[in-house]
Amino acid sequence: MKKIILAVIMLSICSSGPILANRILLVPSGQTLTTGQVRAEAALSSGNDEGKYIWLATGLAQVEINWLRFNKPSGESDNEYGAQWNFLPETSFNPGVGFGVQDIAGESDAGVTGYVVATKHLPTSMTGKFVNDLSATVGVAAGGIEGPFFGFEAHFPLKFFAQGEYDTHFFNAAVGWQPISLFRLKAYTLRGEGYFGAELVPIQF
(Lines give C-alpha, C1' and ligand atoms only; values in the text may rest on other atoms or scores of the structure.)
Protein backbone atom coordinates (compact mmCIF):
# COMPACT_ATOMS: atom_id res chain seq x y z
CA MET A 1 0.00 0.00 0.00
CA LYS A 2 2.85 2.36 0.86
CA LYS A 3 4.40 1.79 -2.59
CA ILE A 4 1.09 2.51 -4.31
CA ILE A 5 0.60 5.78 -2.41
CA LEU A 6 4.12 6.97 -3.23
CA ALA A 7 3.70 6.02 -6.90
CA VAL A 8 0.40 7.93 -7.12
CA ILE A 9 2.05 11.02 -5.63
CA MET A 10 4.86 10.78 -8.18
CA LEU A 11 2.49 10.37 -11.10
CA SER A 12 0.23 13.20 -10.01
CA ILE A 13 3.17 15.56 -9.77
CA CYS A 14 4.50 14.43 -13.14
CA SER A 15 1.16 15.03 -14.78
CA SER A 16 1.06 18.55 -13.39
CA GLY A 17 4.27 19.37 -15.19
CA PRO A 18 7.45 19.77 -13.13
CA ILE A 19 10.41 17.58 -12.76
CA LEU A 20 13.92 17.60 -11.77
CA ALA A 21 16.65 15.22 -11.73
CA ASN A 22 18.89 16.02 -8.86
CA ARG A 23 21.30 13.07 -9.16
CA ILE A 24 24.54 13.06 -11.10
CA LEU A 25 24.42 9.26 -11.31
CA LEU A 26 23.68 7.83 -7.86
CA VAL A 27 24.59 10.83 -5.70
CA PRO A 28 22.49 14.02 -5.54
CA SER A 29 23.57 17.37 -6.91
CA GLY A 30 22.75 20.88 -5.73
CA GLN A 31 20.72 21.51 -8.89
CA THR A 32 16.97 21.27 -8.45
CA LEU A 33 14.87 21.78 -11.55
CA THR A 34 11.66 23.73 -11.31
CA THR A 35 8.00 23.62 -12.25
CA GLY A 36 7.44 22.41 -15.81
CA GLN A 37 10.57 20.24 -16.16
CA VAL A 38 10.78 16.47 -16.63
CA ARG A 39 13.73 14.05 -16.72
CA ALA A 40 14.04 10.25 -16.85
CA GLU A 41 16.89 7.79 -17.29
CA ALA A 42 17.50 4.04 -17.59
CA ALA A 43 20.69 1.96 -17.46
CA LEU A 44 20.67 -1.69 -18.57
CA SER A 45 23.25 -4.44 -18.23
CA SER A 46 24.09 -6.93 -20.95
CA GLY A 47 21.67 -9.86 -20.74
CA ASN A 48 20.38 -8.31 -17.50
CA ASP A 49 23.27 -10.08 -15.75
CA GLU A 50 23.74 -7.14 -13.38
CA GLY A 51 20.15 -5.84 -13.34
CA LYS A 52 19.03 -2.36 -14.38
CA TYR A 53 18.55 1.14 -12.95
CA ILE A 54 15.65 3.50 -13.59
CA TRP A 55 15.62 7.17 -12.53
CA LEU A 56 12.65 9.55 -12.42
CA ALA A 57 12.34 12.98 -10.83
CA THR A 58 9.80 15.77 -10.68
CA GLY A 59 9.80 19.21 -9.10
CA LEU A 60 7.45 21.97 -8.07
CA ALA A 61 8.97 25.40 -7.46
CA GLN A 62 11.93 24.74 -5.10
CA VAL A 63 10.98 21.17 -4.07
CA GLU A 64 11.59 17.99 -6.00
CA ILE A 65 10.54 14.38 -5.58
CA ASN A 66 12.74 11.68 -7.09
CA TRP A 67 12.74 7.93 -7.52
CA LEU A 68 15.56 5.46 -8.17
CA ARG A 69 14.71 1.82 -8.85
CA PHE A 70 17.30 -0.96 -9.04
CA ASN A 71 15.99 -4.21 -10.53
CA LYS A 72 18.30 -6.98 -9.36
CA PRO A 73 19.15 -9.99 -11.57
CA SER A 74 17.31 -12.16 -9.03
CA GLY A 75 14.05 -10.37 -9.86
CA GLU A 76 13.91 -8.44 -6.60
CA SER A 77 14.07 -4.65 -6.65
CA ASP A 78 15.05 -1.71 -4.46
CA ASN A 79 13.00 1.49 -4.67
CA GLU A 80 14.47 4.69 -3.28
CA TYR A 81 11.98 7.56 -2.98
CA GLY A 82 13.56 10.89 -2.15
CA ALA A 83 12.87 14.60 -1.81
CA GLN A 84 15.08 17.65 -2.08
CA TRP A 85 14.63 21.33 -1.23
CA ASN A 86 16.54 23.89 -3.27
CA PHE A 87 17.70 26.08 -0.41
CA LEU A 88 19.84 28.38 -2.58
CA PRO A 89 19.77 28.60 -6.40
CA GLU A 90 23.13 28.80 -8.18
CA THR A 91 24.27 32.25 -9.32
CA SER A 92 27.51 33.62 -10.77
CA PHE A 93 28.70 34.12 -7.17
CA ASN A 94 27.43 31.13 -5.19
CA PRO A 95 26.78 27.42 -5.74
CA GLY A 96 23.34 25.88 -5.79
CA VAL A 97 22.64 24.33 -2.38
CA GLY A 98 20.06 21.67 -1.56
CA PHE A 99 18.91 19.70 1.48
CA GLY A 100 17.34 16.30 0.92
CA VAL A 101 16.43 12.80 2.00
CA GLN A 102 16.97 9.59 0.04
CA ASP A 103 15.09 6.32 0.55
CA ILE A 104 12.32 7.89 2.63
CA ALA A 105 10.50 4.53 2.79
CA GLY A 106 13.64 2.69 3.97
CA GLU A 107 13.43 0.03 1.25
CA SER A 108 17.08 -0.10 0.14
CA ASP A 109 19.99 -1.81 1.87
CA ALA A 110 21.34 1.58 2.97
CA GLY A 111 18.12 2.93 4.48
CA VAL A 112 16.97 6.50 5.10
CA THR A 113 19.72 9.05 4.40
CA GLY A 114 19.73 12.82 4.89
CA TYR A 115 22.19 15.07 3.06
CA VAL A 116 23.26 18.59 2.18
CA VAL A 117 24.85 19.20 -1.24
CA ALA A 118 26.26 22.08 -3.29
CA THR A 119 26.94 22.33 -7.05
CA LYS A 120 28.77 25.09 -8.93
CA HIS A 121 29.59 25.62 -12.60
CA LEU A 122 33.29 26.41 -12.92
CA PRO A 123 35.13 28.66 -15.38
CA THR A 124 36.54 26.80 -18.39
CA SER A 125 38.84 29.53 -19.68
CA MET A 126 41.98 27.58 -18.70
CA THR A 127 40.88 24.46 -20.59
CA GLY A 128 40.80 26.23 -23.96
CA LYS A 129 38.41 24.62 -26.42
CA PHE A 130 38.64 21.16 -24.83
CA VAL A 131 35.93 21.64 -22.16
CA ASN A 132 32.78 23.61 -22.98
CA ASP A 133 31.14 23.36 -19.54
CA LEU A 134 32.20 21.98 -16.16
CA SER A 135 30.27 21.61 -12.89
CA ALA A 136 31.48 20.25 -9.55
CA THR A 137 29.42 18.85 -6.67
CA VAL A 138 30.32 18.25 -3.00
CA GLY A 139 28.10 17.08 -0.18
CA VAL A 140 27.83 15.16 3.05
CA ALA A 141 25.30 12.49 4.04
CA ALA A 142 24.16 11.05 7.36
CA GLY A 143 21.94 8.12 8.31
CA GLY A 144 21.90 5.03 6.12
CA ILE A 145 24.81 6.37 4.10
CA GLU A 146 27.33 8.41 6.07
CA GLY A 147 30.17 10.58 4.91
CA PRO A 148 31.25 12.96 2.16
CA PHE A 149 30.43 12.51 -1.52
CA PHE A 150 31.44 14.44 -4.61
CA GLY A 151 31.09 14.45 -8.38
CA PHE A 152 31.45 16.36 -11.62
CA GLU A 153 30.02 16.71 -15.11
CA ALA A 154 32.06 17.94 -18.09
CA HIS A 155 30.88 18.75 -21.61
CA PHE A 156 33.24 18.46 -24.57
CA PRO A 157 33.12 19.44 -28.25
CA LEU A 158 31.02 17.38 -30.68
CA LYS A 159 28.36 16.89 -27.97
CA PHE A 160 30.33 14.40 -25.87
CA PHE A 161 30.27 14.50 -22.07
CA ALA A 162 31.53 12.69 -18.96
CA GLN A 163 30.22 12.29 -15.42
CA GLY A 164 31.97 10.97 -12.34
CA GLU A 165 31.24 10.65 -8.64
CA TYR A 166 32.16 9.08 -5.32
CA ASP A 167 29.06 7.93 -3.41
CA THR A 168 30.79 7.24 -0.03
CA HIS A 169 31.38 3.61 -1.11
CA PHE A 170 32.05 3.45 -4.87
CA PHE A 171 33.45 5.53 -7.70
CA ASN A 172 30.84 5.67 -10.47
CA ALA A 173 31.23 7.16 -13.94
CA ALA A 174 29.51 7.60 -17.29
CA VAL A 175 30.49 8.83 -20.73
CA GLY A 176 28.04 9.71 -23.45
CA TRP A 177 26.94 11.59 -26.52
CA GLN A 178 24.01 13.98 -26.88
CA PRO A 179 22.80 13.85 -30.51
CA ILE A 180 19.87 16.18 -29.81
CA SER A 181 19.15 18.63 -27.01
CA LEU A 182 16.62 16.39 -25.20
CA PHE A 183 18.31 12.98 -25.44
CA ARG A 184 21.65 11.48 -24.35
CA LEU A 185 23.18 8.04 -24.95
CA LYS A 186 25.38 6.78 -22.12
CA ALA A 187 27.75 4.01 -21.02
CA TYR A 188 28.17 3.58 -17.26
CA THR A 189 30.16 1.90 -14.56
CA LEU A 190 27.97 1.77 -11.44
CA ARG A 191 29.13 0.08 -8.23
CA GLY A 192 31.78 -1.78 -10.19
CA GLU A 193 29.50 -3.07 -12.97
CA GLY A 194 29.01 -1.96 -16.58
CA TYR A 195 25.74 -0.64 -18.04
CA PHE A 196 24.45 1.14 -21.12
CA GLY A 197 21.42 3.36 -21.40
CA ALA A 198 19.85 6.69 -22.24
CA GLU A 199 18.63 9.84 -20.56
CA LEU A 200 15.85 12.28 -21.32
CA VAL A 201 17.30 15.56 -20.09
CA PRO A 202 15.05 17.99 -18.23
CA ILE A 203 12.24 19.05 -20.55
CA GLN A 204 10.47 22.36 -20.04
CA PHE A 205 6.67 22.29 -20.52
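Refer to the structure presented above.
Residue indices begin from 1 for each chain and proceed along its sequence in written order. Confidence filtering applies because this is a predicted model: local features only for residues at pLDDT of at least 70, side-chain atom pairs given and counted only at 80 or more, and all residues used for totals across whole chains, interfaces and linings. Side-chain descriptors were evaluated using all non-hydrogen atoms of the structure, hydrogens and water having been removed beforehand.

(A) Up close: the packing of aromatic side chains. Only Phe, Tyr and Trp rings are paired, with Trp represented by its six-membered ring, and only when their centres lie within 6.5 Å; those with planes under 30 degrees apart are stacked, over 60 edge-to-face, the remainder tilted. Following the criterion strictly, the structure yields 12 aromatic pairs and no others. Consider the rings of Phe130 and Phe156, whose centres lie 5.3 Å apart with planes at 45°: the pair is tilted. Of the two residues, Phe130 is situated in the loop between strand S6 (113–122) and strand S7 (133–143) and Phe156 in the loop between strand S8 (147–155) and strand S9 (160–166); the sequence distance between them amounts to 26 residues. For every residue, the accessible area (1.4 Å probe, protein chains only) is compared with the maximum for its type, and the residue is labelled buried under 20%, exposed over 50%, or partly exposed between those bounds. Owing to a relative accessible area of 57%, Phe130 belongs among the exposed residues under this scheme. Under the scheme used here, helices are H or I runs from DSSP no shorter than 4 residues and strands are E runs no shorter than 2 residues, and both carry numbers assigned from the N terminus.

(B) Inspection of the pattern of salt bridges at higher detail. Think of a salt bridge as a Lys or Arg side-chain nitrogen and an Asp or Glu carboxyl oxygen that are within 4 Å of each other. Within this structure, the stated rule accounts for 9 salt bridges. When the shortest N-O distance is used, the salt bridge between Glu199 and Arg39 registers 2.9 Å. With Glu199 in strand S12 (residues 193–204) and Arg39 in strand S1 (residues 37–44), the pair connects residues that are 160 residues apart, well separated along the chain. Here the two residues Glu199 and Arg39 agree in accessibility, since each one is buried. Between Arg184 and Glu199 there is a salt bridge whose closest N-O contact spans 2.9 Å. Of this pair, Arg184 sits in strand S11 (residues 183–190) while Glu199 sits in strand S12, placing them 15 residues apart in sequence. A relative accessible area of 4% means that Arg184 is categorised as buried. For Glu199, a relative accessible area of 4% puts it in the buried group.

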